[in-house]
Amino acid sequence: METITSFTVDHMRLLPGIYVSRKDSTGHDIVTTFDIRMTRPNFEPVMNTAEVHTIEHLGATFLRNHKEMADKVVYFGPMGCRTGFYLILAGDYESINIVPLVREMFEFIKDFHDEVPGAAPECCGNYLDMNLPMANYLAEKFIEEVLDGITPDRLEY
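Rules and cut-offs
- Residues numbered from 1 in each chain as written.
- Predicted model: local features only at pLDDT ≥ 70, side-chain atom pairs only at ≥ 80, totals over all residues.
- Heavy atoms only, no water.
- Axes fitted to C-alpha atoms, helices over the stretch in contact; angles between N-to-C directions.
- Helix = DSSP H or I, 4+ residues; strand = E, 2+ residues; numbered from the N terminus.
- Parallel < 35°, antiparallel > 145°, perpendicular 65-115°, else oblique.
- Contact = heavy atoms within 4.5 Å.
- Expected span 1.5 Å × (residues − 1).
- Bend = angle between axes of the 7 residues up to and from the residue.
- Buried < 20%, exposed > 50% of the residue type's maximum accessible area, 1.4 Å probe, protein only.
- Pairing = 2+ DSSP bridges.

A. Main features of the packing of helix H1 (residues 49-64) against helix H3 (residues 132-147). At a minimum axis distance of 8 Å, the contact between H1 and H3 shows a crossing angle of 75°. It follows from the interaxial angle that H1 and H3 lie roughly perpendicular. Residues Glu51, Thr54, Ile55 and Leu58 of H1 form the contact with H3, whose own contacting residues are Leu132, Met134, Ala135 and Leu138.

See below:
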């Protein structure tokens, strides 16, 4: 079997950042998959499921309601390793193109203090597994440690 692209990235050198994971053609269109890496793999603790789940709900809600990008959002969800998230957008993008969008999303998550959208038994299969204060904290940490003054080594594998 062929090794999938994401397994060829050296996770021992990978820093938190925003990376183009892959670009795929869907006929005439391109979709870009971004690796939004929030923790350093194999060096930092992974995020717990409750805060990952909360960031997923808030991030997806923000993105699918974004006035300019909502129609470009294909998917936003967590990586199985719990070190970050995948964002899939319709279109051909580079990491630098979405820094403002990602910043806006993490500012939204950092400042969100209401009921988490979709955190109800009729909307979610695991609605009790949420941790809003930790999601707020991790969003602020990502802004301060990665997005503020983001450098090229945090934008390209």
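Once the structure has been displayed, the description carries forward.
B. Helix H2 (residues 95-111), seen in detail. Across its 17 residues, H2 extends 24 Å between first and last C-alpha, which sits within 8% of the 24 Å expected from 1.5 Å per residue. For H2, the principal kink sits at leucine 101 and spans about 30°. Of all the positions in H2, only Ser95, Ile98, Val99, Leu101, Val102, Met105, Phe106 and Ile109 are classed as buried. Buried residues along H2 sit in contact with strand E1 (17-26), strand E2 (29-37), H1, strand E3 (73-78), strand E4 (84-90) and H3.

C. Molecular detail of the sheet that holds E1. Spatially, four strands are ordered E1-E2-E4-E3 in an open sheet, and the strand pairing comes out antiparallel. Each end of this open sheet is capped by a strand with a single partner; those strands are E1 and E3. Recorded for the sheet is a direction-independent mean angle of 15° between the axes of neighbouring strands. Summarising the sheet, E1 and E2 pair through nine bridges and their orientation is antiparallel. The partner of serine 25 across the bridge, within E2, is isoleucine 30. Contacting E1 and E2, H3 crosses the sheet at an angle of about 95° to E1.

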